[in-house]
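Coordinates in review
Below are the chains, spelled out letter by letter.
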Amino acid sequence: MRVAIYTLGCKVNQYETQALETELLRRGHTLLPFEGEADAYLINTCTVTAVSDKKSRQMIRQARKRAPGAVVAVCGCYAQTNPQALENLNVDLIWGNKDRIALLDQIEALAIQGRPQRPAVQVDNILRCHEFEHLPAGGLEGRTRAMLKVEDGCTNFCSYCIIPYARGPVRSLPREEAAAEAVRLAQAGYQELVITGIEISSWGTEFRDGSALIDLIETVCHAAPALRVRLGSLEPRTITEEFCRRASTLPNLCPHFHLSLQSGCDATLARMRRKYDTNRYYESVVSLRDAFDRPGITTDLIVGFPGETEDEFAQTLEFLARCRFSGLHIFPYSRRTGTPAANLEGQLSHREKENRVHRAAAAAKALEHVWLSGWVGETLPVLFETGQDGIWQGHTSNYILVSAPGEGLHNQIHPVHITGLAADGLTGRLQG
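Let me begin by describing the structure that accompanies this report. Worth saying up front: this structure is predicted, and the values here are computed from it rather than measured.

**Thoughts on the overall build of the protein chain**
What the protein chain contains, in helices and strands, is 12 helices and 18 strands. If one aligns the C-alpha atoms of the protein chain with their principal axes, the spans along those axes are about 60 × 55 × 50 Å. A burial count over the protein chain gives 54% of its 432 residues as buried. Taking the contacts inside the protein chain whose residues are at least 6 apart along the sequence as the reference set, 73% of them involve residues at least 24 apart. Within the structure as shown, the protein chain displays about 18700 Å² of accessible surface, and the carbon and sulfur contribution to it stands at 50%. Mean positive and mean negative side-chain charge positions of the protein chain (46 and 50 charges, respectively) differ by 4 Å.

**Points about the sheet that holds strand β1 (residues 2-7)**
Strand-to-strand pairing in sheets goes through backbone hydrogen bonds, with the strands running parallel or antiparallel. With parallel pairing, the 6 strands of this open sheet are ordered in space as β2-β1-β3-β4-β5-β6. Looking at strand neighbours, the two that pair on one side only are β2 (30-32) and β6 (120-122), the edges of this open sheet. Adjacent strand axes in the sheet meet at a mean angle of 20° when their direction is disregarded. Here β1 pairs with β2 via 3 bridges, running parallel. Considered in β2, the bridge of Val 3 is made with Leu 31. Relative to the sheet, helix α1 (residues 11-26) contacts β1, β2 and β3 (40-45), its axis offset from that of β1 by approximately 175°.

**Re the layout of surface pockets**
Here the second largest pocket is characterised by a volume of approximately 430 Å³. Lining the second largest pocket are 16 residues, and of these Gln 14, Gln 18, Arg 143, Arg 145 and Met 147 lie nearest its centre. If you list the elements that add at least two residues to the lining of the second largest pocket, you get β1, α1 and β7 (145-152). The biggest single contributor to the lining of the second largest pocket is α1, with 5 residues. Residues that form the lining of the second largest pocket fall into these classes: 5 nonpolar, 6 polar and 5 charged.

**Quick notes on helix α2 (residues 50-66)**
Here α2 contains 17 residues, and its C-alpha end-to-end distance of 25 Å stays within 8% of the 24 Å for a straight helix at 1.5 Å per residue. Buried residues in α2 make contact with β1, β3, β4 (71-76) and α3 (77-81).

**As for helix α11 (residues 310-323)**
The end-to-end C-alpha distance of α11 is 20 Å, a good match for the 20 Å that 14 residues give at a rise of 1.5 Å each. Among the residues trailing α11, Arg 324 stands out with phi positive, at a value near 55°.

**Describing the pairing of strand β9 (residues 192-197)**
Along β9, 6 of the 6 residues are buried, which leaves the element largely enclosed by surrounding structure. Alternating residues of β9 divide into Glu 192, Val 194 and Thr 196 and Leu 193, Ile 195 and Gly 197, and every residue in both groups is buried. Of the strand pairs in this sheet, β7 and β9 are connected by 6 bridges, and their pairing is parallel. Its bridge partner lying in β9, Lys 149 is registered against Thr 196. Pairing analysis gives 4 bridges linking β9 to strand β10 (residues 228-231), with the strands arranged parallel. Paired with Val 194 across the two strands is Arg 230, which belongs to β10.

The rules behind these values
Residues numbered from 1 in each chain as written. Predicted model: local features only at pLDDT ≥ 70, side-chain atom pairs only at ≥ 80, totals over all residues. Heavy atoms only, no water. Helix = DSSP H or I, 4+ residues; strand = E, 2+ residues; numbered from the N terminus. Buried < 20%, exposed > 50% of the residue type's maximum accessible area, 1.4 Å probe, protein only. Contact = heavy atoms within 4.5 Å. Areas by Shrake-Rupley, 256 points an atom, 1.4 Å probe, with all protein chains shown as cover. Lys, Arg positive; Asp, Glu negative; His and termini not counted. Charge placed at Lys NZ, Arg CZ, Asp CG, Glu CD. Pairing = 2+ DSSP bridges. Axes fitted to C-alpha atoms, helices over the stretch in contact; angles between N-to-C directions. 1 Å grid on protein atoms, 1.4 Å probe; cavity = no way out; pocket = protein on both sides within 12 Å on 5 of 7 lines; lining within 4 Å. Points joined across faces, edges and corners; volume = space filled by probe spheres on them. Nonpolar A, V, L, I, M, F, W, Y, C, P; charged D, E, K, R; others polar. Expected span 1.5 Å × (residues − 1).

Structural measurements only, silent on function.
In structure tokens, the structure reads:
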């Protein structure tokens with residue numbers, strides 16, 4: 001078959017799509033861009049915001065319009081939490097967040113049998129899922145950075161978040177299997193490995209043997225010492241004295257830490273049902289800066305949460321400045337049916353939420369400018385990923401995007417002398 005896949009959402013979704021692409025190629029199928037006319041389309045959906053839901057529906061309609069006779073399948077978090085919303089969109093298969101290899105079997109069967117009169121629905125109760133689904137790590141040929149999913153599920157049940165209902169309880173990849181995957185990826189030529197999951201801070205909790213994320217990180221770093229190892233999003237509770245002491249001894253661990261914040265106001269954090277306050281969060285930031293040399297510290301921020309007053313938002317802006325983040329992802333609060341926050345009083349208007357997004361973005365831009373300016377004149381190792389018209393781009397270990405002139409730099413790490421700032425990062429020239 002000619003198969004086209006469209007992926008929305010987080011790195012876990014991207015990882016799972018890469019695994020499906022790898023398996024499709026192994027079975028002898030051909031991958032096409034989503035804009036092409038294919039025999040089968042697969043939309044891997046996200047439901048973290050209402051915008052994600054809308055985008056998923058748009059992609060379904062595009063696929064059906066592009067190839068009326070093709071098999072159109074939908075999987076992922078939107079399909080898992082709201083399959084009823086998809087049944088009337090002229091799709092053929094609705095699949096949740098389990099048994100993705102079996103999903104491909106079903107798509108193949110539909111391609112042979114022909115489109116069903118009504119969509120086939122395979123969405124199990126994800127809250128009863130207790131087994132980790134091990135999919136092949138990595139990516140397609142030509143990529144420099146591989147992802148390794150080590151955890152699925154979340155039991156934090158923050159008041160705004162639908163993901164625990166889409167992903168189920170915590171399930172973890174055993175350490176020895178993670179190490180084997182890291183070795184395989186290093187041998188395949190990747191230069192960097194991203195440890196990802198829905199909530200990797202909870203890795204290993206279901207083992208009930210005292211396992212913690214730092215144990216996994218050490219295992220992966222030691223198994224593949226030539227790989228740069230980068231961590232996905234972390235909860236502040238992860239950053240303890242022991243974590244910093246052990247992590248700082250790993251030479252191939254990237255000093256880039258994405259610490260989930262969501263709000264810099266304690267009252268808002270309490271309504272969000274986050275399991276920390278700003279004092280505990282700031283302790284994590286200080287600990288990382290004490291243990292690592294100028295680490296990149298990035299975060300997520302939700303603005304316009306129900307009941308967020310102007311004073312509470314001002315507290316958040318002050319906290320951002322205090323933490324001196326190197327980068328932020330900023331989102332307006334999105335009301336998710338079925339979550340406690342959807343029923344809270346004080347829902348803000350779309351206009352006010354967008355206003356706060358713009359103000360937070362301006363604060364983030366100022367922080368980023370200070371962060372980037374401090375690197376001018378330094379020499380940093382850069383893993384180059386893409387090139388166009390003689391200009392190559394890649395990332396430093398602390399996740400700064402660097403552009404430099406050169407030839408044939410794909411998947412190579414080179415020292416770069418930083419000469420200035422660009423719109424999206426830094427510029428420099430190769431050394432040596």
